[in-house]
Amino acid sequence: AVEDCEGECGGAAVVDECGVCGGDGSSCDDGGDCASDVCLSFSDNGDGTMDINMVNAVPVAGFQFEFDGIEIGEASGGSAASAGFLFSNNATTVISFSLMGTTIPAGDGLLCTVGYTGDFSSACATNAVISDDIGGSLAADVGDFACGGGDVAGCTDDTACNFNADATVDDG
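Participant: When you look at the pairing of strand E2 (residues 49-56) in this model, what are you seeing that I'm missing?
Facilitator: Sheet faces and side chains relate simply in a regular strand, where the side chains alternate between the two faces. Among the eight residues in E2, six count as buried, and that is most of the element. Bridging between strand E1 (residues 38-44) and E2 involves seven bridges; their strand directions are antiparallel. Among the inter-strand pairings, Phe42 is bridged to a residue of E2, identified as Ile52. Counting the residues that bridge the hairpin from E1 to E2 gives four residues, and of these Gly46 lies at a positive phi of roughly 80°. In this sheet, strand E7 (residues 107-118) lies alongside E2 in antiparallel orientation, the contact comprising eight bridges.

Participant: What's the story with unusual backbone geometry in this structure? I'm lost.
Facilitator: Glycine aside, residues mostly have negative phi angles, and peptide bonds mostly take the trans form. Here Asn127, not a glycine, exhibits a phi torsion of approximately 50°, which is positive. With respect to the helices, strands and loops of the structure, Asn127 is situated in strand E8 (residues 124-131).

Participant: I would appreciate a short explanation of the environment of Pro105 in the present structure.
Facilitator: Summarising the element assignment, Pro105 is placed in the loop between strand E6 (93-97) and E7. Separated by 46 residues in the primary sequence, Pro105 and Pro59 have C-alpha atoms spaced 4.5 Å apart. In this structure, Pro105 is in contact with Asn56 and Pro59, ignoring residues within four places of it in sequence.

Participant: In this structure, what is going on with the sheet that holds E7? I would like to understand it.
Facilitator: Either a parallel or an antiparallel arrangement is found when strands of a sheet pair, and the pairing is made through backbone hydrogen bonds. The five strands are arranged E4-E7-E2-E1-E10 in an open sheet whose pairing can be described as mixed. Sheet topology places strand E4 (70-76) and strand E10 (140-141) at the edges, where each strand pairs with a single neighbour. Strand direction decides the pairing type here: E4 and E7, joined by five bridges, are antiparallel. Residue Ile72 lies in a different strand from E7, and its bridge partner there is Tyr116.

Participant: Just to check I follow, could you spell out the state of the cysteines for this structure?
Facilitator: A covalent bond between the sulfur atoms of two cysteines is what we call a disulfide. Tallied over the entire structure, the rule returns one disulfide. For Cys124, the disulfide goes to Cys147, at an S-S distance of 2.0 Å. Across the S-S bond of Cys124 and Cys147 the torsion is about 95°, and the bridge reads as right-handed. Taken together, the positions of Cys124 in strand E8 and Cys147 in the loop between E10 and strand E11 (153-154) put the pair 23 residues apart, joining distant regions of the chain. Accessibility expressed as a relative area gives 13% for Cys124, which makes it buried. Judged by relative accessible area, Cys147 falls into the partly exposed class, the value being 25%.

Participant: Teacher, can you tell me more about the sheet that holds E8 here?
Facilitator: Ordered by their spatial adjacency, five strands build an open sheet running E5-E6-E3-E8-E9, and the pairing between neighbours is antiparallel. The strands lining the two open edges of the sheet, one partner per strand, are strand E5 (86-89) and strand E9 (137-138).

Participant: Explain the packing of aromatic side chains to me, please; I cannot follow it from the model alone.
Facilitator: Each aromatic ring pair is summarised here by two numbers: the centre-to-centre distance and the angle between the ring planes. Tallied over the full model, the rule gives nine aromatic pairs. Centroid distance Phe42 to Phe65: 5.9 Å. Interplanar angle 80°. Geometry classified as edge-to-face. Of this pair, Phe42 sits in strand E1 while Phe65 sits in strand E3 (residues 62-68), placing them 23 residues apart in sequence. Put simply, the rings of Phe42, Phe63, Phe65, Phe67, Phe85, Tyr116, Phe120 and Phe145 touch in pairs and so form one group of aromatic residues.

Parameters and conventions
Residues numbered from 1 in each chain as written. Predicted model: local features only at pLDDT ≥ 70, side-chain atom pairs only at ≥ 80, totals over all residues. Heavy atoms only, no water. Buried < 20%, exposed > 50% of the residue type's maximum accessible area, 1.4 Å probe, protein only. Helix = DSSP H or I, 4+ residues; strand = E, 2+ residues; numbered from the N terminus. Pairing = 2+ DSSP bridges. Contact = heavy atoms within 4.5 Å. Disulfide = S-S within 2.5 Å. Phe/Tyr/Trp six-rings, centres within 6.5 Å; stacked < 30°, edge-to-face > 60°.

Just geometry here; none of it tells us what the structure is for.
Spelled out as structure tokens, the structure:
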């Protein structure tokens, strides 16, 4: 007999599509309609820090976020730290990447935690840039934390030479 993923001889436990032994496939569901390569959510921890969570369909080699409405403190932790990424920030921007070329594998979880001062309810993210392993830009969705809100017109065909990763509505 063969051991299953729980180590039980002859057991029936299998690894689901999310990589969870005995899982039901729900742990990798982003719970939304995000169709981008990378979907981000920002949540206030109530202690002067926010968590940035990421659902990424492809490996991520680096990221940069600019914030309006708050002043940024230290950024750390999450899958970025686990991948050996270095963090650099100033009062408005967080940048993180690996000098060794490592990537964050496709998945779902905490990207990093960012300290801030100011009113989180008036904060928003702008100019979010997520990079793949060759330095290309990945389509990213920051959801309702995007500055300005509303639709961004542009080319949504990712095979076109005028592709706009920030576009939410195809302008033809």
